[in-house]
Amino acid sequence: FMPGKQVGMSGVCYPDLLIGNTPNIYYYAANNPSEATIAKRRSYANTISYLTPPAENAGLYKGLKELKELIASYQGLKDSGRGPSIVNSIITTAMTCNLDKDIPEIPTDGNTDAKDMDMDLRNLIVGKTYQKLMEIESRLLPCGLHVVGCPPSAEEAVATLVNIAGIDREDEEITALPQLLAQSIGMDIETIYRANDAGDLEQVQRLQDITEASRIMVGQYVSTVSDPSGRLAASAIGAFGSMFGGASVALPWGDALKGTQFSEIDVVASRKLFDYLGFCLTQIVTDNELGALTEALNGEYVLPGPGGDPIRNPKVLPTGKNIHALDPQAIPTSAALASAKVVVDRLIERQRLENDGVYPESIALVLWGTDNIKTYGESLAQVMLMVGVKPMPDALGRVNKLELISLEELGRPRIDVVVNCSGVFRDLFVNQMNLLDRAVKLAAEQDEPLEMNFVRKHALLQAEELGLSLREAATRIFSNASGSYSSNVNLAVENSSWNDESQLQEMYLNRKSFAFNSDSPGSGMETKTDIFKSALQTVDLTFQNLDSSEISLTDVSHYFDSDPTKLVQSVRKDGKMPASFIADTTTANAQVRSLSETVRLDSRTKLLNPKWYEGMLASGYEGTREIQKRLNNTLGWSATSGQVDNWVYEDANDVYMKDPEMQKRLMETNPNSFRKMVANFLEANGRGYWETSEENIENLRQLYMEVEDKIEGVK
């Protein structure tokens, strides 16, 4: 990522000057094919893929666990006289856990008694609370760090395989396990998903039953092929063939469904699914990460293989391959287009519900290289569907044509967009940037009522205001200058080298306002700051996608680095803060959450979750640094969006700073990262993002001095 050409290095490009003739053997995460491609292009790397960190379900802890027990009590006693008092306890405990921020149905006035509610309202409050708990509990999280050459344990494999089993795979003619279980009781999983999202208590429980049945079935299967230590190893592979015993009667999942409501599951379809899971399991335990390194060091050929999300695409396994991406002209695929439509419809509908039925006129969103490789162009397709244009393949299957969707078919106005592409996306998908620019300009040129075409409405205003042609004014595809990456907001936050938020916003404007123009091919990225600012002035909501369970909002700094939420507020003439949403397509039940909801979910499942931070601490020095990174990235979200609740910092302070034993562990494993954590808390308070007691601040100041002395050897 140093200065130089994007591809085809010359002798004056920094990467070429620095690498010289040195062989570059580079371990890269299997789920990051876009940056691996840049490493190959700009530093001649022979990449070797490694598994993502071992994953487990987040589980519940402290008050969240107590809430689940209260809900179980309510389900058994809701028709008795004790029902209302249990609901009161649920409300109180939910508020203690700050779940009232996510569940608007919970009364917060302190005077409401469940006795005064009807049964439907009580069930709705309990159902919504239960649904939120299950969302937290089932979220996948990395426990510790991956050790090269170390296969996962049985438990770690179960969580991954359950999520692999949760996705329909039409190309393989495989039906997802939740759908098979739902069909066994005469229902459709999509119906259950929608009722679950609405807080229908009966269906929330039904979905939980399906989830538990899935885990038990896969767990039974994995235990059959595990060695006595519970670790999957190459010796287990041979057991797959024999585990079906003498033929058709033995079930891969054993007696897991015997005597349950799901006992009538379609055995033929389920066997096909479990055959596929067996293949996936062999891929997971076939370890060639060290073998590939040996081959590379010997100057031998390292087998190539695709990169991506192992859950979405198990073909990225086994690891130990020289990573490649995909044909950039093949995306977005028809499947990606269908998935994108679901997300766009839910996003627009949610904004309408929260905005008195008014459509958003303009959406600012970010496109990432890795995300579009993993999803085969879902977020690309989202942009096109927002403006009401459909990407089409030519006779050779290359997606390079556009078809306008009529207003009648669209059923809503064309939504304007402001697209900011990451530097990696710009490098990998220049053809798709061309397609996007053509799509927006095609929408702007349609002679349609302005109240039904916000792209044209805004482009006409900008053309008059800036003295441009309509096509120039409809410029909406932006990124960094050629050869440049990131807004550098993340670096400023990481180093605490910024004075105020306006400085961060100026950095974003200066580095991310380079426009792509399909009307002047080969001209590269052109500075168009005026058009960029003018386009941002009409933005009603900001939007990003999460598509992988391994990487969420606070795992990496790139997400807040590209977030324009407060920037939009600063350039809007009315000073209005835009709404901000995140699409979560990490599971089959795609969700559109507000940014603040997503930050809260991320904090509960990782930063504040004992299962997560104990896993990290077990990894020693690097694990402590990972904890500090999550806290620093949380601070970054406060700086760019203001969507981090005060209680997140307060609870994190209780976990990491007020517990003497935790202080000792952090100090011993990584004193430098511990010092940075203390500084992050003090900075969050100093910048007004965290209000807390003077006692807490004084404790932090004292801790900072102690860790300074430790690092400097002062006794």
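Rules behind the numbers
- Residues numbered from 1 in each chain as written.
- Predicted model: local features only at pLDDT ≥ 70, side-chain atom pairs only at ≥ 80, totals over all residues.
- Heavy atoms only, no water.
- Helix = DSSP H or I, 4+ residues; strand = E, 2+ residues; numbered from the N terminus.
- Expected span 1.5 Å × (residues − 1).
- Buried < 20%, exposed > 50% of the residue type's maximum accessible area, 1.4 Å probe, protein only.
- Contact = heavy atoms within 4.5 Å.
- Patch = residues over 30% accessible without salt bridge, like charges linked within 9 Å, V, L, I, M, F, W, Y side chains within 5 Å.
- Areas by Shrake-Rupley, 256 points an atom, 1.4 Å probe, with all protein chains shown as cover.
- Salt bridge = Lys/Arg side-chain N within 4 Å of Asp/Glu carboxyl O.
- Pairing = 2+ DSSP bridges.
- Axes fitted to C-alpha atoms, helices over the stretch in contact; angles between N-to-C directions.
- Polar contact = N/O pair within 3.5 Å; in protein donor to acceptor, adjacent residues only side chain to side chain.
- Phe/Tyr/Trp six-rings, centres within 6.5 Å; stacked < 30°, edge-to-face > 60°.
- Parallel < 35°, antiparallel > 145°, perpendicular 65-115°, else oblique.
- Left-handed = near helix turned anticlockwise from the far one by under 90°.
- Nonpolar A, V, L, I, M, F, W, Y, C, P; charged D, E, K, R; others polar.
- Core = buried A, V, L, I, M, F, W, Y, C linked by side-chain atoms within 4.5 Å.
- Right-handed = clockwise from strand over helix to strand, strands pointing away.

Q: Mind laying out helix α20 (residues 454-466), listing which residues take part and the relevant values?
A: Under the 1.5 Å per step criterion, the end-to-end length of α20 is 18 Å for 13 residues, consistent within 8% with the ideal 18 Å. Taken residue by residue, α20 has F454, V455, R456, H458, A459, Q462 and A463 as its buried positions. On its buried side, α20 packs onto β7 (362-367), α16 (378-387), β10 (416-421), α19 (430-444), α21 (470-473) and α24 (529-536). G467 sits one or two positions beyond α20 and adopts a positive phi of about 70°.

Q: Lay out the side chain of Q462 in plain terms, naming residues and giving numbers.
A: Looking at the secondary structure, you find Q462 in helix α20. With sequence-adjacent residues up to four places away left out, Q462 is seen in contact with G467, A473, R476, I531, S534 and A535.

Q: Report on a nonpolar patch on the surface, specifying residues and quantitative values.
A: Among the surface-exposed residues, M2, Y14, L17 and L18 lie close enough to one another that they form a single nonpolar patch of about 440 Å² accessible area. By the secondary structure assignment, M2 is in the segment before α1 (14-19).

Q: Any chance you could break down helix α29 (residues 621-640) for me, citing the residues and the numbers?
A: Here α29 contains 20 residues, and its C-alpha end-to-end distance of 29 Å stays within 8% of the 28 Å for a straight helix at 1.5 Å per residue. Counted residue by residue, α29 has 16 buried out of 20 residues, so it is predominantly covered. Residue G642 follows α29 closely and has a positive phi angle near 70°.

Q: I'd like a rundown of the sheet that holds strand β13 (residues 526-527), residues and numbers included.
A: Spatial ordering of the open sheet is given by β13-β12-β11-β10-β7-β14-β15-β16, a layout of eight strands whose pairing is mixed. Two strands close off the open sheet at either side, each with one partner strand: β13 and β16 (591-594). Contacts from α19 reach β7, β10 and β11 (477-479) within the one sheet, and its direction differs from that of β11 by about 140°.

Q: Can you lay out unusual backbone geometry for me, pointing to particular residues and giving the numbers?
A: The peptide bond linking L317 to P318 adopts the cis configuration, its omega dihedral lying at -5°. Within the secondary structure, P318 sits in the loop between β5 (304-306) and β6 (322-324). For the bond from I331 to P332, the omega torsion is 0°, close enough to zero to count as cis. Position of P332 relative to the elements: it lies in the loop between β6 and α14 (334-353). Of note, the phi angle at K62 is positive, near 50°, even though the residue is not glycine. Along the chain, K62 falls in helix α3 (residues 62-77).

Q: Describe in detail the pattern of salt bridges, supporting the description with residues and values.
A: Across all of its chains, the model carries 46 salt bridges by this definition. Between R312 and E378 there is a salt bridge; the shortest N-O distance is 3.4 Å. Taken as a pair, R312 in the loop between β5 and β6 and E378 in helix α16 lie far apart in primary sequence, 66 residues in all. Take E378: its relative accessible area is 8%, and that puts it in the buried class. Salt-bridge contacts for E501 lead to K566; the nearest nitrogen and oxygen are separated by 2.7 Å. Placement of E501 in helix α23 (residues 501-512) and of K566 in helix α26 (residues 565-571) is noted, with a sequence separation of 65 residues between them. Salt bridges sharing common partners tie together K132, E135, R139, D584 and R593.

Q: Account for the side chain of R426, naming residues and giving values.
A: Within the secondary structure, R426 is located in helix α18 (residues 423-428). There is a polar contact of 2.9 Å between the side chain of R426 and the side chain of D427. Contacts of R426, omitting those with residues within four sequence positions, involve Q6, M433, S479, N480, A481, S482, G483, S484, Y485 and M525.

Q: So what about the packing of aromatic side chains? Which residues, and what values?
A: Applying the stated rule across the entire model yields twelve aromatic pairs. Geometrically, the ring pair formed by Y26 and Y28 is tilted, given 4.8 Å between the ring centres and 55° between the ring planes. The exposure class of Y26 is partly exposed, given its relative accessible area of 34%. For the pair F560 and W637, a centre-to-centre distance of 6.5 Å together with 70° between the ring planes defines the contact as edge-to-face.

Q: Tell me about the packing of helix α8 (residues 189-197) against helix α9 (residues 201-224), residues and numbers included.
A: For the pair α8 and α9, the least separation of the axes is 8 Å and the interaxial angle reads 125°. In terms of orientation, α8 and α9 fall into the oblique class. For the crossing formed where α8 meets α9, the hand is left-handed. Contacts between α8 and α9 involve I189, I192, Y193, A195 and N196 from the former and Q203, V204, R206, L207 and I210 from the latter. For the contact of α8 with α9, the residue count by class is seven nonpolar, two polar and one charged.

Q: Just give me the short version of the nonpolar core, but keep the residues and values in it.
A: If you look at the biggest cluster of nonpolar residues, it comprises 77 residues, and the most contacted ones within it are L99, Y656 and M657. Not counting residues within four places of it along the chain, the set of residues in contact with Y656 comprises L607, W612, Y613, I627, M662, Q663, L666, F674 and M677. Residues F454, V455, A474 and Y485 belong to the second largest nonpolar core, which totals 52 residues.

Q: Can you lay out the pairing of strand β2 (residues 45-50) for me, pointing to particular residues and giving the numbers?
A: Across six bridges, the pairing between strand β1 (residues 24-29) and β2 is parallel. Each residue of the ladder has a partner; that of Y28, found in β2, is S49. Handedness of the crossover joining β1 and β2 through helix α2 (residues 33-43) is recorded here as right-handed.

Remember that the coordinates give geometry; whether it matters functionally is a separate question.
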